Amino acid sequence: MRINVIGHKYNYEMEKLMRIFMPNDKIETGFFNEECEITTRLDDKITVKANFSDFKKELSAPLCGDNEMQMGRLVYSLMSEYTAFNPKWGVLTGVRPTKLLISTEKRLGVEDAHIYFSNALLVTEEKYKLAKRVADCEEKIINLSTPSSFSLYISIPFCPSRCSYCSFVSHSVENEKAKALITDYVRYLIEEIKHLANLAKKYMLRLETIYIGGGTPTILEADMLSDIIKSIIENFDISTCREFTVEAGRPDTITREKLQSIYSLGVDRISINPQTFSDEVLEKIGRKHKSQDIIDAYELARNIGFDNINMDLIAGLPGDSPEGFMASLDKAYDLSPENITVHTLALKRSSKFNTEGDFKITAENAKKADVMLDYTSAKLDGLYHPYYMYRQSKSAGNLENVGWCKEGKESLYNIYMMEECHTIFAAGAGAVTKLKAPSGDMIERIFNFKYPFEYISDFDELIRRKSRINEFLDANTIGGLQNV
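1. Description of the overall build of the protein chain
So, point 1. In terms of helices and strands, the protein chain carries 18 helices and 18 strands.
So, point 2. In summary, the protein chain has a C-alpha radius of gyration of 23 Å against a globular reference of 23 Å for 484 residues, a match within 12%.
So, point 3. Projected onto its principal axes, the C-alpha positions of the protein chain cover 65 × 55 × 45 Å.
So, point 4. Every one of the 484 residues in the protein chain was classed for burial, and the buried ones make up 56%.

In structure tokens, the structure reads:
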């Protein structure tokens, strides 16, 4: 599908908006001589014209203070009529709606921010209220962060197998070449951890949270996982650390030895992620375990002593139904983990479902995902409350991912990472360090090499890149003593 762009530079914004309505289509923007499906024009007025074979219509509006937003509303109106789909998040395409709400409230006040979300962004009252609840919860956690605070993320980009919906940079150990990289990868990862720890000490930074994610960290043998955690404990000052999470993730990687090891080293939060409790759906998405394995792993973690466990579910999986998802959510609810995170399926470019064409996002499964999220809110609200939220492009119905938790069990790292309120040091392949200035919204990113082989072979170059951390911290003086 092509979008004609005449007299303005809102190419990227119009493409993102159109992707809500056409998630499976290749979308091109630019100036085309021939008639396109959508033409957007800015001259003495704002004009949007639809030119589909079965739908032709033109809308216009006078120039205003925010021509981009007005153009977006016209595109939204035409596409809603054409597709009979009214996205609940309106023209809002960003990943972090709560971050936008918080900043808008600071700028306009609570009442006018509500009006802005409703009238300018066309966000439904249902979604505004959800964003407001999450934002109010997040602000309490954000206020715990200081100018010298930072969090630590460790990437373990290996999995027992690759899920069909997955687009993360992770390697399946079913591939022997990938499996052979693990020993060297861990060795270099520990070196990077030491390097980052030296920077934290030099600038007297305060470590708030630690998150070991992936991939599937528990794909590592118990001794390797312990070595990584010990290197963190030995090199960083963890006396101020409020939360230490390890994604156990896949139950087929969990053993008593691994859980006992990380528990004894002070890990106080883990994830055991079902995605679904349907064996049929698990098979369809490429999981190698059964739903009973999830329950067994959860009970093992409880017996060892873990009292802060997250479980992920995905709404809109292929082969699932609203009734099937409801049964999965009911099962998770009955197990009573401290966190339940419900994601909406998003089909990324590199996922197997997308590359092999096995599954497409359609209006029908978008409606099903919406029903699943409505049930989630009805089921969880009370014992749990929504505490963080983000959205992904190409998700079913342009819907959201929400973390629900019991009182006092918010994942601090999830909030700090999503709301970008302090620096995140990140180690490992595919990891991205985010440097946050203590005042203002400036974020600078330092990207590690994506793949384990590159990470190992070009490790010296990676460390050279990290010298930018020194330059940034020197320029922005976010160290502890410098803010006393």
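2. Considering helix 9 (residues 256-264)
So, point 1. When we look at burial in helix 9, the residues that qualify are Lys258, Leu259, Ser261 and Ile262. One side of helix 9 carries all its buried residues, which in axial view fall inside an arc of 160 degrees. Facing away from the buried surface of helix 9 by more than 90 degrees, the exposed residues are Glu257 and Ser264.
So, point 2. The elements touched by buried residues of helix 9 are helix 8 (222-235), strand 10 (243-249), strand 11 (269-272) and helix 11 (291-304).
So, point 3. Remark: Gly266 follows helix 9 within two positions and exhibits a positive phi of approximately 105 degrees.

3. Focus: the nonpolar core
So, point 1. Counting residues in hydrophobic clusters, the biggest one holds 129 residues, and the most contacted among them are Ile154, Ile228, Ile232, Phe236, Ile272 and Phe425.
So, point 2. Looking at this core element by element, the count peaks at ten residues for helix 7 (residues 182-202).
So, point 3. Residues Ile141, Cys405, Met418 and Cys421 belong to the second largest nonpolar core, which totals eleven residues.

4. What about the packing of helix 8 against helix 9?
So, point 1. Viewed as axis vectors pointing N to C, helix 8 and helix 9 meet at an angle of 15 degrees, and their least axial separation amounts to 9 Å. Here helix 8 is positioned roughly parallel relative to helix 9, judged by the angle of their axes. As for the relative orientation of helix 8 and helix 9, their crossing is right-handed in sense. Of the residues in helix 9, those touching helix 8 at Ala222, Leu225, Ser226 and Ile229 are Glu257, Lys258, Ser261 and Ile262.
So, point 2. The class makeup of the residues in the contact of helix 8 with helix 9 is four nonpolar, two polar and two charged.

5. Re the pattern of salt bridges
So, point 1. Scanning the model with the defined rule gives 28 salt bridges in all.
So, point 2. Close ionic contact of Asp252 with Arg250 constitutes a salt bridge, the shortest N to O distance being 3.6 Å.
So, point 3. Note on Asp252: relative accessible area 34%, which makes it partly exposed.
So, point 4. Here Arg250 falls in the buried class, since its relative accessible area comes to 3%.

Analysis parameters
Residues numbered from 1 in each chain as written. Predicted model: local features only at pLDDT ≥ 70, side-chain atom pairs only at ≥ 80, totals over all residues. Heavy atoms only, no water. Helix = DSSP H or I, 4+ residues; strand = E, 2+ residues; numbered from the N terminus. Rg over C-alpha atoms; globule rule 2.2 N^0.38 Å. Buried < 20%, exposed > 50% of the residue type's maximum accessible area, 1.4 Å probe, protein only. Arc of directions from axis to C-beta. Contact = heavy atoms within 4.5 Å. Core = buried A, V, L, I, M, F, W, Y, C linked by side-chain atoms within 4.5 Å. Axes fitted to C-alpha atoms, helices over the stretch in contact; angles between N-to-C directions. Parallel < 35°, antiparallel > 145°, perpendicular 65-115°, else oblique. Left-handed = near helix turned anticlockwise from the far one by under 90°. Nonpolar A, V, L, I, M, F, W, Y, C, P; charged D, E, K, R; others polar. Salt bridge = Lys/Arg side-chain N within 4 Å of Asp/Glu carboxyl O.

Worth remembering: the numbers are spatial, not functional.
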